Amino acid sequence: MQMKKIRKEMVYILLISLIIMSAGLLFNDNVWFDETYTLALIRHDVSEITDILRSDMHPPLYFAGLKLFCSVFGYHIIVTKLFSVIGFVLLLLLGILYIRKDYGDQICIFYFLIIGAVPFSFYFSVQQRCYSWSMFFVTWCFLEGMRLVRHRRWTNAVLFAVAALGAAYNHIYALIAVAGTVLCLNGWIWFRQRGLWRKIVVADFIMILGYLGWLRILLLQTKKAAETFWQVSLEKDSLVVLAFTVVLFTFILFCGTCRFPVICGMLTILFVHVAGFGISLLVRPLYVARYASPLLGVFAVTAAVAIAPCKERLRSRVSGYLMIVLIAGYIVGAGFEYNGSLRNFRQDFDQEVSREDVFLYNDSSFGIMSYYYPENRHICTYWQPWFAAFACVEYGTGDDLITLIQTDAPVWYVANEKTEIPAWVQKWNGKKEFSFRSDFNEFGVWRLQ
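What counts, and where the lines are drawn
Residues numbered from 1 in each chain as written. Predicted model: local features only at pLDDT ≥ 70, side-chain atom pairs only at ≥ 80, totals over all residues. Heavy atoms only, no water. Helix = DSSP H or I, 4+ residues; strand = E, 2+ residues; numbered from the N terminus. Rg over C-alpha atoms; globule rule 2.2 N^0.38 Å. Buried < 20%, exposed > 50% of the residue type's maximum accessible area, 1.4 Å probe, protein only. Areas by Shrake-Rupley, 256 points an atom, 1.4 Å probe, with all protein chains shown as cover. Lys, Arg positive; Asp, Glu negative; His and termini not counted. Charge placed at Lys NZ, Arg CZ, Asp CG, Glu CD. 1 Å grid on protein atoms, 1.4 Å probe; cavity = no way out; pocket = protein on both sides within 12 Å on 5 of 7 lines; lining within 4 Å. Points joined across faces, edges and corners; volume = space filled by probe spheres on them. Nonpolar A, V, L, I, M, F, W, Y, C, P; charged D, E, K, R; others polar. Salt bridge = Lys/Arg side-chain N within 4 Å of Asp/Glu carboxyl O. Contact = heavy atoms within 4.5 Å. Axes fitted to C-alpha atoms, helices over the stretch in contact; angles between N-to-C directions. Parallel < 35°, antiparallel > 145°, perpendicular 65-115°, else oblique. Left-handed = near helix turned anticlockwise from the far one by under 90°. Pairing = 2+ DSSP bridges. Phe/Tyr/Trp six-rings, centres within 6.5 Å; stacked < 30°, edge-to-face > 60°. Patch = residues over 30% accessible without salt bridge, like charges linked within 9 Å, V, L, I, M, F, W, Y side chains within 5 Å.

Draft legend 1. How the structure looks around the overall build of the chain. Scanning the chain from terminus to terminus reveals 19 helices and six strands. Taken against the 2.2 N^0.38 rule, which gives 22 Å for 449 residues, the C-alpha radius of gyration of the chain at 24 Å falls within 12% of a compact globule. A principal-axis box enclosing the C-alpha atoms of the chain has dimensions of 75 × 45 × 45 Å. Split into buried and exposed, the 449 residues of the chain put 56% on the buried side. Of the roughly 20,300 Å² of accessible surface on the chain, 64% is carried by carbon and sulfur atoms. Charge-centre separation for the chain: the mean point of 40 positive side chains lies 17 Å from the mean point of 33 negative side chains.

Draft legend 2. Summary view of empty space enclosed by the protein. Taken as a whole and judged by the stated rule, the model has two cavities of 30 Å³ or more. Within this model, the largest cavity holds a volume of roughly 100 Å³. Taken together, 13 residues line the largest cavity, and the ones lying closest to its centre are Asn-30, Val-31, Trp-32, Phe-336 and Asp-439. Residue composition of the lining of the largest cavity, grouped by class: five nonpolar, five polar and three charged. Counted as a void, the second largest cavity has a volume near 30 Å³. Met-57, His-58, Pro-59, Ala-168, Ile-172, Leu-175, Tyr-211, Trp-214, Leu-218 and Gln-221 are the residues that line the second largest cavity. Taken together, the elements giving at least two residues each to the lining of the second largest cavity come down to helix H10 (172–192) and helix H11 (197–228).

Draft legend 3. Spotlight on the side chain of Asp-439. Relative to the helices and strands, Asp-439 resides in the loop between strand S5 (431–438) and strand S6 (441–448). No salt bridge is formed by the buried Asp-439, whose closest oppositely charged neighbour, Arg-290, lies at an N-O distance of 5.9 Å. Residue contacts for Asp-439: discarding those within four places in its chain leaves Trp-32, Tyr-123, Gln-127, Phe-336 and Asn-339.

Draft legend 4. Quick peek at the environment of Leu-218. Note on placement: Leu-218 falls in helix H11. We classify Leu-218 as buried; its relative accessible area is 11%. Separated by 44 residues in sequence, Leu-218 and Ala-174 place their C-alpha atoms 13 Å apart. Leaving out residues up to four positions away in the same chain, Leu-218 has contacts with Ile-172, Leu-175 and Tyr-211.

Draft legend 5. Broad picture of the packing of helix H12 (residues 236–255) against helix H13 (residues 260–282). Interaxial distance between H12 and H13 falls to 11 Å at its minimum, and their mutual angle equals 155 degrees. Relative to H13, the element H12 lies roughly antiparallel. You can see that H12 and H13 cross each other, and the crossing is left-handed. Between H12 and H13, the contacting residues are Ser-238, Leu-239, Val-241, Leu-242, Thr-245, Leu-248, Phe-249 and Ile-252 on the first element and Val-262, Met-266, Ile-269, Leu-270, His-273 and Phe-277 on the second. Here the residues of the contact of H12 with H13 sort into eleven nonpolar, three polar and no charged.

Draft legend 6. How the structure looks around the pairing of S5. Strand direction decides the pairing type here: S5 and S6, joined by seven bridges, are antiparallel. In the strand pairing of S6, Lys-432 is matched with Trp-446. Joining the antiparallel neighbours S5 and S6 is a turn of two residues, in which Asp-439 adopts a positive phi near 55 degrees.

Draft legend 7. Spatial organisation of the packing of aromatic side chains. Tallied over the entire structure, the rule returns 55 aromatic pairs. Taking 5.7 Å as the distance between ring centres and 50 degrees as the angle between the ring planes, the aromatic pair formed by Tyr-111 and Phe-112 counts as tilted. For Tyr-111, a relative accessible area of 0% translates into the label buried. When its relative accessible area of 0% is taken as the criterion, Phe-112 is described as buried.

Draft legend 8. Spatial organisation of a nonpolar patch on the surface. Nonpolar side chains collect at one region of the surface, where Phe-205, Ile-208, Leu-209, Leu-212, Leu-215 and Leu-219 lie side by side and expose about 610 Å² of accessible area between them. With respect to the element layout, Leu-212 can be found in helix H11. By relative accessible area, Leu-212 is classed as partly exposed at 47%.

Draft legend 9. Looking closely at the sheet that holds strand S1 (residues 358–361). Strand order in the open sheet made by the six strands is S3-S2-S1-S4-S6-S5, with mixed pairing throughout. Unpaired on one side and paired on the other, strand S3 (393–395) and S5 mark the two borders of the sheet. Each strand axis lies, on average, 30 degrees off the axis of its neighbour in the sheet, ignoring direction. Looking at chain direction, strand S2 (residues 377–380) and S3 are connected through three bridges and run parallel. In the strand pairing of S3, Cys-380 is matched with Tyr-395. Contacts from helix H16 (residues 340–349) reach S1, strand S4 (411–416), S5 and S6 within the one sheet, and its direction differs from that of S5 by about 145 degrees.

Draft legend 10. Seen up close, the environment of Pro-285. Here Pro-285 is to be found in the loop between H13 and helix H14 (296–307). Note: C-alpha distance between Pro-285 and Arg-153 (132 residues apart in sequence) is 41 Å.

Draft legend 11. Structural context of the pairing of S4. Here S4 lies mainly inside the structure; six of its six residues are buried. Of the two faces of S4, the one lined by Val-411, Tyr-413 and Ala-415 and the one lined by Trp-412, Val-414 and Asn-416 are each fully buried. With three bridges joining them, S1 and S4 adopt parallel strand pairing. Looking across to S4, one finds that Phe-359 is bridged to Trp-412.

As structure tokens, this is what we get:
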């Protein structure tokens, strides 16, 4: 009885602690390119957002939801980050509303520990991107599927479909993740629980009907991505994620757990990796490590259910290791969010720059600088249709740049350190004067004469 009380208290201690830790990363003004794209995009109305997204690889739900949220609470960076934290909090609340009720306190505790311990989970919890909401919808879909098998209710079938659509309209790899769950659940029902066939057919019908409106756009986006996606080789970090998955599967096999949630969870995770690596090898590298983030909740559920039958001594050791990794991971994530490099650069650079200065780019660094210096002119030497999200960015190339600039004010060239320096930077006697780090990248700032 005493142990049961301790576990119950631990569930709520972990829940509150994880929420506070995530909220603690809100209070900074550091962004990277993808976030600046989000911040620029939501300044448009919903119809324009949808039109711009047609030329990109993103579904519209997250951006439309963030647009509505900011329309009510204001277009402040804390507000946009808070919207992501809400998605992360909902992911955690699934532990109380579903996992604790269906699987018990012990598995719920492991669920929370694993979510916190997975590398960069807190980092994704405040990213001004769709990842935290994708985690929530994918996990909700998975848990509703498990409840459908367990409780056989029509409510679960409908909510299963609704959650799947929420995931599908948030991120393409969230779509792939719920597709894996849907296929697994359909196979299980048709071969093991045929009494549920009406419910799963209705759920499938709702999902198909609900996604038809975006399906044609998805196909066009995929075709365009196969031709123009920025990545030219398979990202090494995606192989690390795959190795992490292999370790999980090995541990599950060691534990000997064969419960349906574990089987379905493993197949869902495997489906995303097979799809991501398969597309990357056969068509074009379209799989990035962070695209596996929607699987976080499913990963946590799968691992937690697998750990539960292990001996008490092993469970205690795993809990201790997870707590250490959780704390260490939070410190690393906080280092990324409270980025001293970017803050120090801005303090120094603000003393040199004026509103009349012009910025030139030949890579995505224009997003970062146009966010921090919106009143300046920003000229990019290449163009993609989705750049329309950035209202203050112009386009020019070659000798046209000189005509386009037409100013005696200082001209700055900003680029990722990995970007090849163009000839015109040398021609204009470019001198590197500043550098800074944003997210995982280093950037240089050259003064042009």
